[in-house]
Amino acid sequence: MGRAPGFIREAVASLPPYRFTHNPQPVKLDQNEAPDDLAGELRAAVQQRIAALSYNRYPELHPVVLEEALARRHDWPAEGVVVANGSNVLIQALVILAGLERTVVSVKPSFSVYAEQARLLGAELVQVPLGERFSLPVEELSAALSGRSGVLFLTDPAAPTGNAHDPEDLESVVRAAERSGTWLTVLDEAYHEFAGANHAGLVRDVESAVSLRTFSKAAGLAGVRLGYALAHPEVATQLRKVLLPFKVSVMQVAAGLAILERPEVMAARVALAASERERVSEAMARLPGVEVYPSVTNFVLFKVDDPAAVHAGLLAAGVVVRRQDHLPGAAGCLRVSVGAPAENDAFLAALDGVMAVAP
Ligand SMILES: Cc1ncc(COP(=O)(O)O)c(C=O)c1O
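Let us look at the structure shown here. (Residues numbered from 1 in each chain as written. Predicted model: local features only at pLDDT ≥ 70, side-chain atom pairs only at ≥ 80, totals over all residues. Heavy atoms only, no water.)

As a further point, take the sheet that holds strand S13 (residues 333–337). In spatial order, the strands read S9-S10-S13-S12; together these 4 strands make up an open sheet with antiparallel pairing. Of all strands in the sheet, those with a lone pairing partner are strand S9 (291–292) and strand S12 (322–323), marking the two edges. With 2 bridges connecting them, S12 and S13 associate as antiparallel partners. Counterpart to Arg322 in the pairing with S13 is Arg335. The sheet contacts of helix H12 (residues 263–285) involve S9, strand S10 (299–303) and S13, and relative to S10 the element is tilted by about 10 degrees. (Pairing = 2+ DSSP bridges. Helix = DSSP H or I, 4+ residues; strand = E, 2+ residues; numbered from the N terminus. Contact = heavy atoms within 4.5 Å. Axes fitted to C-alpha atoms, helices over the stretch in contact; angles between N-to-C directions.)

What follows is the structure, encoded as structure tokens:
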């Protein structure tokens, strides 16, 4: 890769590209996607909606119809629901909203997009190491907030570690940020469905808190690109100003509305993922040389002595998992998504084989 031309901002030139390699192996367990695609009937419902659309007209300025459907689902005021093309886009918008020329605070390890957007947008970045067993470092986080202003990103369930944070710890950080009057707190709840818990109640109580959700995981629409924020209406009004007009296409809205009409599809997927997660975690924990971290999500973080060799061995056996060992605080770690039962069997057999020959 050559050097960036001199007219490119230093913040961009100095940032490495997003770290993701597409591997063609058949058992794909590296992006925490839903393992099952839209079933025939649901696919037909999306196609029916799309067939009736006008392609020559702009979509709604903001996807109000989808926002209203989400408001009904979450019993949330519709003016407080903000939909965008992926929660990644909302992360960027939230940094622009309250982090630009200020500070972004997150924990480490955590989802890499918070730090990348902070660096790109020229915010000061403070990453506080997670505590014992990936717990929230409550005092250190409160200290990091003190005397500063900006955006605090908390991920619960945590990613890539997979654990649920203690709700009291989490609330005490959110309240410390609220008391300061200078912090927007983003609770990234991308995986909350798999944990059977969420922070809507806390966000309802705290004007400075926003809950971030995605259609990419439990809803099984990662390819469609849809995410949304649940916020207080005044915060949502400000957030909409940051997002580009006409940001969500009519096709995306059609897919989102179709899945919301079939909540039982998502519920069945979540139940299967939760039981498979337990089965996979228990089987992995029986393998010598594998340390498994508790998860309430649709993925499992695990630690081995030689993550590069284990990753390569799994690839050779046709299974793709994600390396996480480059992340601060995740030395030796790999992450496997919970797949369909047959994929999980293939992963477990491959891991067994790889660990049996590990030095
Ligand atoms: C914690 C977390 N937040 C947000 C996202 C991004 O989701 P989306 O597909 O809606 O951009 C991910 C995706 O992996 C994630 O793990």
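Here the focus is the nonpolar core. Within the largest apolar cluster, 63 residues are counted, with the highest numbers of intra-cluster contacts made by Leu66, Val105, Leu136, Leu141, Leu152, Leu154 and Phe215. Per-element accounting of this core gives the leading share, 7 residues, to helix H11 (residues 250–260). Shared between two domains, this core takes at least three residues from each, and those domains are domain 1 (10–30 + 264–356) and domain 2 (53–262). Residues in contact with Leu152, not counting those within four places in the same chain, are Val105, Leu141, Leu145, Val173, Ala177, Trp183, Leu184, Thr185 and Val186. (Core = buried A, V, L, I, M, F, W, Y, C linked by side-chain atoms within 4.5 Å. Buried < 20%, exposed > 50% of the residue type's maximum accessible area, 1.4 Å probe, protein only. Domains from an automatic or database assignment.)

Across a regular strand the side chains alternate sides, sitting on one face of the sheet and then on the other. Burial runs high along strand S6 (residues 183–188): 6 of the 6 residues are buried. Burial of S6 is two-sided: the residues Trp183, Thr185 and Leu187 facing one way and the residues Leu184, Val186 and Asp188 facing the other way are all buried. Relative to S6, strand S5 (residues 150–155) is paired through 6 bridges, and the arrangement is parallel. Within S6, the residue paired with Gly150 across the bridge is Trp183. A crossover connection joins S5 to the parallel S6 through helix H7 (residues 167–180); in handedness this β-α-β unit is right-handed. Judged from the 4 bridges that link them, S6 and strand S7 (residues 209–214) form a sheet pairing that is parallel. Bridged to Val186 within S7 is Val210. (Right-handed = clockwise from strand over helix to strand, strands pointing away.)

Before going further, it helps to examine the side chain of Arg240. By the secondary structure assignment, Arg240 is in helix H10 (residues 233–242). Accessibility expressed as a relative area gives 14% for Arg240, which makes it buried. A polar contact of 3.0 Å, which involves the side chain of Arg240, links it to the backbone oxygen of Glu79. With near-sequence residues (within four places) excluded, Arg240 lies in contact with His62, Glu67, Ala78, Glu79, Gly80, Val81 and Val82. (Polar contact = N/O pair within 3.5 Å; in protein donor to acceptor, adjacent residues only side chain to side chain.)

Quick look at the layout of surface pockets now. By volume, the second largest pocket amounts to about 310 Å³. As for the second largest pocket, its lining consists of Leu97, Ala98, Arg102, Gly150, Glu178, Gly181, Thr182, Trp183, Leu184, Glu207, Ser208 and Val235. Those elements giving two or more residues to the lining of the second largest pocket turn out to be helix H4 (87–98) and S6. (1 Å grid on protein atoms, 1.4 Å probe; cavity = no way out; pocket = protein on both sides within 12 Å on 5 of 7 lines; lining within 4 Å. Points joined across faces, edges and corners; volume = space filled by probe spheres on them.)

On to the site of the ligand, then. Around the ligand, 13 residues are found, and the nearest of them are Ser87, Asp188, Tyr191, Thr214 and Ser216. Within the backbone of Ser87, an N or O atom sits 2.7 Å from an oxygen atom of the ligand. A distance of 2.6 Å separates an oxygen atom of the ligand from a polar side-chain atom of Thr214. Coverage of the ligand by the protein chains reaches 91% of its 400 Å² of free accessible surface. Residue composition of the shell around the ligand, grouped by class: 4 nonpolar, 6 polar and 3 charged. (Near = heavy atom within 4 Å. Areas by Shrake-Rupley, 256 points an atom, 1.4 Å probe, with all protein chains shown as cover. Nonpolar A, V, L, I, M, F, W, Y, C, P; charged D, E, K, R; others polar.)

With respect to topology, 7 strands assemble into an open sheet ordered S2-S8-S7-S6-S5-S3-S4, the strand pairing being mixed. Looking at which strands have only one partner, the edges of the open sheet turn out to be strand S2 (81–84) and strand S4 (124–129). Strand-to-strand, the axes of this sheet are offset by a mean angle of 20 degrees, without reference to chain direction. Note: strand S3 (residues 103–108) against S5, 3 bridges, orientation parallel. Residue pairing for S5: Thr103 is matched across the bridge by Gly150. Its contacts with the sheet put helix H5 (residues 112–120) on S3, S4, S5 and S6, and the angle it makes with S4 is roughly 155 degrees.

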